[in-house]
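Okay, here's what each chain looks like letter by letter:
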Amino acid sequence: MGSLILAKEEIMSPKAKIDTAIMMNVLKISEEHRKYEEQSVHDAPIVSSYNDKIRPLLDTVDKLRHLKIMQEGIQLPTIVVVGDQSSGKSSVLESLAGISLPRGQGICTRVPLIMRLQNNPNPDPELFLEFNEKIVATDEDKIADDISVATEEIAGKGKGISGNPLTLIVKKKGVPDLTMVDLPGITRVPVRGQPEDIYEQISKIIMEFITPEESIILNVLSANVDFSTCESIRMSQRVDKTGQRTLAVVTKADKSPEGLLEKVTADDVNIGLGYVCVRNRIGDESYEEARAEEANLFDNHPLLSKINKSMVGIPVLAEKLVKIQATIIRRCLPEIVRKINDKLSVNVQELNKLPKHLNSLAEAMTTFLQILGSAKESLRKILVQGEFDEYPDAEDMHCTARLRVNFDKYSDELHSDNVVDDDSNRNFLLDEIKVLEETKSIGLPNFLPKAVFLTLLQRKVKGISAIPLDFVEKTWNYMEDVLVSVLLRHCENYPQLISSTRRAAKNLIAKKKQQSINWVNDVVEMENLTDYTCHPEYSTTWNKLMAYQATLMDRINDPYLSNVVCIERFGDINIAHLRGFKGLVKEAYDVKMRITAYWDIVLRRMVDNMALHLLFSIKNLVNKQMEREIIEELVGPQGTGLERMLEESPSFAEKRNKLKKSIKLLKESKDVVANIMDISFEDY
Ligand code: GDP
Ligand code: MG
């Protein structure tokens, strides 16, 4: 940015600045000014041959602007003209271009006017207006009217404003090669017919243009106002605090010459790129007359002639602008080229990522089968193989681990019934004795009726029967979440598939859940009705436990022995309460130990079988049923059909069109810049 500060005065006190400035003016007449003086104002170009070098670069920028590359968020180096209403913006542009723009009371510039000035060898000026995708040829006599007509076409009749620009191309002999944007002037108070929020509307447009770092702010100030009170100064200071990209043009020097020198030398408002004082065309003056009057004014006016010649006159302004423009273009273009390339490749990538547009049922079928295949693979990874590369951070989708955690909980819950506590010890054998009493019959002693065992077993089975049911219910609910989430992820490019796929998944899970519930019910029923195991552990455990029977009976039969017996698995047991049931205790102990030994087997069966059942069900689901169910849902006799896959979802269609448009624009832009990339920027 530093290189842009072309005319920033040294830092010194305002008084010293003024003194120095005056002294310099007396002593020195700048080279530039002498050159302008020597030339005949009438036919000399106002800017030197510098033009020819920068021209191709400026043309490139203008072409990019014409392509509307700004829509892609790529900012172009732009000289933006801002100023309060009637500060003389249009007049300054007019002076630079040597033409007449609409002028008048109230708001005249109602849309951004991009003005492209191009030096042209042809002595007859050529003027064109470009707006709403059309080009209209015009001429110096008609230009004011044509701009009004175009403005009405863009912003409507009346006094409303619009952010859509109008481009004015002026090809004329001697004009500087410059592109500038004239913006509507800032008004605080709406005039009749203007919308209430005119200030907000205008500030929004102005801020849009001056905020980018690539913009140079040409702040037009009227000599007769206090600069620090200007809205345009406040705005430019908001986006360019140090003023390093702000240049001030002071108009109406003729009207308020008093104190102007002091004002521009004091620089109270931080104008980094310096001031140029001008006098524009007044009334019906011709352009040439106006320039002559201006030169005369700054040469001969007692006050104005004291201002340094490098700070006065339209030719100086033109020269400065051309230099500044060259500097920013040179600085910005490489970055613009880079941005175009970056955006282009990002957009191309994004377009490629968009789902293919399907044109035939066969294509739809292929895509559908691919989706199914990849969904199946994902499910196999997370549900069967325990590979989580597709979901590194989603713990919910680390299914084998989650299933394992839940399964361990299930097993713990089943076994929690086995824990012996004080309470169960206080009632040791009482349940068994009660059942024995109820199943008494006329029969041989020491003959344990089967009914006793079954009754006690059934009680225990009933006690835990809710646990496996609850577990399968929870497990399939979890499986539903996983299945739906995986399937939807694979369908995300074809929203048409989502509802049927989700339906198929839900139906399938409902079926699987029901199967598991039926299975659990069968298992519980089997345990209820029969008692069998071939496992040797049953006898081992029973024998081990029976070893304590003799001790127990001794204690019960001998009132002088201790009331406490220690029995494996049950700990210390106070047997006082059993002394009254002497006759039944032996049998009761026997049956309790049988149940205890057998219950170990039952629980193990419940856990093992559940594991096998679940793994089997899940594998079946992944390997066969999921696919079948979804195919049935979509292409079966009652299926909703694959035809819908052929209609592209509106959101994708829109995205695709937007990307295509943007890619086209960026490609064109790339072609535009390709032409100048051969030229080394260092040449300028
Ligand atoms: P804009 O609203 O900022 O575009 O201002 P205009 O260019 O329309 O100018 C507003 C008024 O100020 C017009 O009547 C111009 O003729 C007048 N004006 C602009 N510049 C000068 C100047 O340097 N000297 C004098 N005397 N009048 C000027
Ligand atoms: Mg104007």
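Residues numbered from 1 in each chain as written. Chains lettered and ligands numbered in written order. Predicted model: local features only at pLDDT ≥ 70, side-chain atom pairs only at ≥ 80, totals over all residues. Heavy atoms only, no water.

Under an unreviewed UniProt entry, the name given to the chain is Vacuolar sorting protein VPS1, dynamin, and the source organism is Handroanthus impetiginosus.

Novice: Which parts of the structure should I look at to understand the packing of helix α6 (residues 198–210) against helix α7 (residues 231–239)?
Specialist: In helix packing, the relevant descriptors are the interaxial angle and the interaxial distance, both defined with respect to the helix axes. Contact geometry for α6 and α7: axes closest at 10 Å, N-to-C directions at 45°. As summarised for this structure, α6 and α7 are arranged oblique, according to the angle between their axes. Considering the relative orientation of α6 and α7, their crossing is right-handed. Across from Y199, S203, I206, M207 and I210 in α6, the residues of α7 making contact are E231, M235, S236, R238 and V239. Per-class residue counts for the contact of α6 with α7 are six nonpolar, two polar and two charged. (Axes fitted to C-alpha atoms, helices over the stretch in contact; angles between N-to-C directions. Helix = DSSP H or I, 4+ residues; strand = E, 2+ residues; numbered from the N terminus. Parallel < 35°, antiparallel > 145°, perpendicular 65-115°, else oblique. Left-handed = near helix turned anticlockwise from the far one by under 90°. Contact = heavy atoms within 4.5 Å. Nonpolar A, V, L, I, M, F, W, Y, C, P; charged D, E, K, R; others polar.)

Novice: Would you explain the sheet that holds strand β3 (residues 126–131) in this entry?
Specialist: Backbone hydrogen bonds are what pair the strands of a sheet, in a parallel or an antiparallel way. One open sheet holds the nine strands; their spatial order is β4-β3-β5-β2-β6-β1-β7-β8-β9, and the pairing between them is mixed. Among the strands making up the open sheet, the edge pair consists of β4 (134–138) and β9 (275–277). Put simply, the sheet's adjacent strands are angled 25° from each other on average, direction ignored. Sheet topology places strand β2 (residues 113–119) next to strand β6 (residues 178–182); five bridges connect them, and they run antiparallel. Among the inter-strand pairings, I114 is bridged to a residue of β6, identified as V181. (Pairing = 2+ DSSP bridges.)

Novice: Which parts of the structure should I look at to understand the site of ligand 1?
Specialist: Ligand 1 sits among 14 residues. The nearest are S86, K89, S91, D254 and N280. Note that an oxygen atom of ligand 1 is positioned 3.3 Å from one of the backbone N or O atoms of S87. With the chains in place, 84% of the 570 Å² that ligand 1 exposes on its own is no longer accessible. A per-class count over the shell around ligand 1 returns one nonpolar, six polar and seven charged. (Near = heavy atom within 4 Å. Polar contact = N/O pair within 3.5 Å; in protein donor to acceptor, adjacent residues only side chain to side chain. Areas by Shrake-Rupley, 256 points an atom, 1.4 Å probe, with all protein chains shown as cover.)

Novice: Any chance you could explain the pattern of salt bridges here in plain terms?
Specialist: Between side chains of opposite charge, pairing is possible as soon as their charged atoms come close. According to the stated counting rule, one finds 33 salt bridges in the structure shown. Across the pair E627 and K376 runs a salt bridge whose closest N-O atoms are separated by 2.9 Å. Of this pair, E627 sits in helix α20 (residues 582–635) while K376 sits in helix α11 (residues 361–385), placing them 251 residues apart in sequence. One salt-bridge network, in which partners are shared between bridges, spans K381, D389, E390 and R489. (Salt bridge = Lys/Arg side-chain N within 4 Å of Asp/Glu carboxyl O.)

Novice: So what exactly am I meant to see when it comes to the nonpolar core here?
Specialist: Nonpolar side chains in soluble globular proteins generally cluster together in the buried interior. In this structure, L383, F428, L429, L457, L497 and L552 are the most contacted members of the largest nonpolar core, which totals 87 residues. Ranked by residue count, the leading element in this core is α20, at 23 residues. With residues up to four places along the chain from it excluded, the contact list for L552 reads L429, V565, I567, I575, V585 and Y589. If you look at the next biggest cluster of nonpolar residues, it comprises 41 residues, including I79, A97, V111 and L273. (Core = buried A, V, L, I, M, F, W, Y, C linked by side-chain atoms within 4.5 Å. Buried < 20%, exposed > 50% of the residue type's maximum accessible area, 1.4 Å probe, protein only.)

Novice: So what exactly am I meant to see when it comes to the pairing of β6 here?
Specialist: For a regular strand, side-chain orientation follows a simple rule: the groups alternate between the two sheet faces. By the criterion of burial, β6 is predominantly enclosed, with five of the five residues buried. Of the two faces of β6, the one holding L178, M180 and D182 and the one holding T179 and V181 are both buried throughout. As paired elements, strand β1 (residues 78–83) and β6 share three bridges and run parallel to each other. Directly across from V81, in β6, lies its bridge partner D182.

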